[in-house]
Amino acid sequence: MAEKQYVLILDYGSQYTQLIARRIREAGVYSEIHPCHKASEAFDKHVPSAIVLSGGPASVYDAEAPQLDVSILGHGIPILGICYGLQVLSYSLGGVVESASEREYGRAILSTVDSASKLLAGVGIGTQVWMSHGDKVITAPMGFRSAATTSDTDFTVIENPEKKIYGVQFHPEVAHTPEGRTIINNFLFRIAGLKPTWSMSSFIESTVEEIRQAVGDAHVVAALSGGVDSSVMVALLHRAIGDQLHPIFVNNGLLRKDEAAEVRGIFCHHLGIDVDCVDAADRFLERLAGVIDPEVKRKIIGEEFIRVFEEESARFENVKFLAQGTLYPDVIESVSFKGGPSATIKSHHNVGGLPERMHLNLVEPLRELFKDEVRELGLELGLPEVMIWRHPFPGPGLAVRILGEVTRERIELLQEADAIAIAEIRNAGLYRDIWQAFVVLLPVKSVGVMGDERTYEHVAALRAVESTDGMTADWFKIPHDVLGVISNRIINEVRGINRIVYDISSKPPSTIEWE
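First things first, this report covers the structure right here in the doc. (Residues numbered from 1 in each chain as written. Predicted model: local features only at pLDDT ≥ 70, side-chain atom pairs only at ≥ 80, totals over all residues. Heavy atoms only, no water.)

1. A word on the sheet that holds strand 3 (residues 50-53)
Working step 1: Strands sit in the order 2-1-3-4-10-9-8-6 across an open sheet of eight strands; the sheet is mixed. Whereas interior strands pair on both sides, the edge strands pair on one side only; in this sheet they are strand 2 (31-35) and strand 6 (112-113).
Working step 2: Here three bridges tie strand 8 (residues 145-149) to strand 9 (residues 157-160), and the two strands are oriented antiparallel to one another. Counted as the bridge partner of S146 is I158 from strand 9.
Working step 3: Running over the sheet, helix 3 (residues 84-92) touches strand 3, strand 4 (79-82), strand 9 and strand 10 (165-168) and is turned about 115 degrees from strand 4. (Pairing = 2+ DSSP bridges. Helix = DSSP H or I, 4+ residues; strand = E, 2+ residues; numbered from the N terminus. Contact = heavy atoms within 4.5 Å. Axes fitted to C-alpha atoms, helices over the stretch in contact; angles between N-to-C directions.)

2. Observations concerning unusual backbone geometry
Working step 1: Going from K507 to P508, the amide bond is cis rather than trans, its omega being -15 degrees.
Working step 2: Its place among the elements puts P508 in the segment after strand 19 (497-502).
Working step 3: Positive phi values are uncommon outside glycine, yet C83 reaches one of about 55 degrees.
Working step 4: Tracing the chain through its elements places C83 in the loop between strand 4 and helix 3.
Working step 5: Residue classification places C83 among the buried residues on the basis of a relative accessible area of 3%.
Working step 6: A positive phi angle is found at D258, which is not glycine, with a value near 65 degrees.
Working step 7: Assignment of secondary structure puts D258 in the loop between strand 12 (245-251) and helix 7 (259-270).
Working step 8: Looking at D258, the relative accessible area reads 48%, which means it is partly exposed. (Buried < 20%, exposed > 50% of the residue type's maximum accessible area, 1.4 Å probe, protein only.)

3. A closer look at the packing of aromatic side chains
Working step 1: Summed over all chains, the structure comprises five aromatic pairs.
Working step 2: Considering the side-chain rings of Y30 and W198, the 5.6 Å spacing of their centres and the 40 degrees angle between planes classify their relative orientation as tilted. Remark: W198 occurs in the loop between helix 4 (180-191) and helix 5 (200-215) and Y30 occurs in the loop between helix 1 (17-26) and strand 2; sequence separation between them is 168 residues. W198 matches Y30 in its accessibility class, with the two residues each being buried.
Working step 3: Put simply, the rings of Y30, W198 and F203 touch in pairs and so form one group of aromatic residues. (Phe/Tyr/Trp six-rings, centres within 6.5 Å; stacked < 30°, edge-to-face > 60°.)

4. With respect to the sheet that holds strand 12
Working step 1: As summarised here, the arrangement of the five strands in space is 13-12-11-14-15, forming an open sheet in which the pairing is parallel. Of all strands in the sheet, those with a lone pairing partner are strand 13 (276-279) and strand 15 (361-363), marking the two edges. Strand-to-strand, the axes of this sheet are offset by a mean angle of 30 degrees, without reference to chain direction.
Working step 2: In this structure, strand 11 (residues 219-223) lies alongside strand 14 (residues 319-323), joined through four bridges in parallel fashion. Bridging from a neighbouring strand, V221 pairs with L322 of strand 14.

5. Quick look at the nonpolar core
Working step 1: Counting residues in each nonpolar core, the largest one holds 69 residues, and the members touching the most others are L53, F267 and L377.
Working step 2: Looking at this core, the element that brings in the most residues is helix 6 (residues 228-241), giving nine residues.
Working step 3: Aside from chain neighbours lying at most four places away, what touches F267 is L224, S231, V234, G272, I273, V275, L383 and M387. (Core = buried A, V, L, I, M, F, W, Y, C linked by side-chain atoms within 4.5 Å.)

Take a look at the structure:
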């Protein structure tokens, strides 16, 4: 636990639950998400300073609807219910919830606001809020009053100030509720009396101490991919245990141009962290020879990585831990309300089965953080921005961006083309606006003319998307003049490619990667 004070978020299945946690953390207060049916277990772990009940798709009066563990009400802890959270609070305390004749989806306007409400301090009549509900509270529980209404909902906000229990029918966590942060902050600071003490510096201090206590005098091996998560993980562990950490970077021959040298340079020279760099390109490419099916490629690469990692790890003595760059969204997914409780991370996560096979204890120092928090942490630890803001890169590397057989020739073609595309995207000032950009080498050739001579060479596709989490994505509108420069440079400078196409498909229905 990074801080003694924290907000417990009970998840009832809302698509916005992670956003609630983000908003609370942005306010400087640590928060954790737990399944709604595991409230008592959360209390056993650590008594929260405040509780938020998330929204959800169910109707409280349905037989299978998730209900409120009313035992949490007996602790005197401030509670805020959001959307379904408001309804389940009301229903559990004797109020009446019914299907609404007039449903509210999207923008709504507060028509009345109780100026005496601590929750709504700074929020006035005419404030826009974001609704998404088909049920509503018809009668508030005894002891509660309405603090705000809309034209369709009499109990848009309810409260019992004496018991510090509040509920809002709208979603304050989304951007479409402009005063949502004000409402959340009012709950945290005016009602719950919390302090904004959670920060990256406090996280580093507490996590470093926890790592030292957990590891003791044992040694830790870590798989360093060169991506943001593993890089920040290694930097944090090195601050905690120094030479007891053994980062292993495996060059499988499927990396971006000059990537191995860049990773080695940043860690060994810039940060003073000794990295065990293994050149295993030959053995990976030998096993990939003649393989076309993308799933077979992935399995071969995963299996070979495990073998290399095991061999290198055996060189170090007293190794008892394996470090992984697991992030909080991975943890949430494994214990979500929809997915059910689970104590383990997905087997394919990070280093693909190594924990079970190697019989090492896991160290996951980033498991409390979201992606943007990891980037902030990396900057605090001194990692350069060029590494912190790198675009995501698939675990199998360029093998899944080369459609068809993977050969040295095709790898070199793709590395050169991809490096040019990224360089021009950076030159245009677009890199930070794009979630992910890359070149794909297609399994077709096309006729071209260069210097009055006929060519028959490879076709490459440029892919660039904008996204917030990678779950959905839209194609990025790179300006035509930038596309022209990229195309001209690749065709002129990379011998073997004579045609560039631009991928304008979104996810869904397409995926971000081609394989």
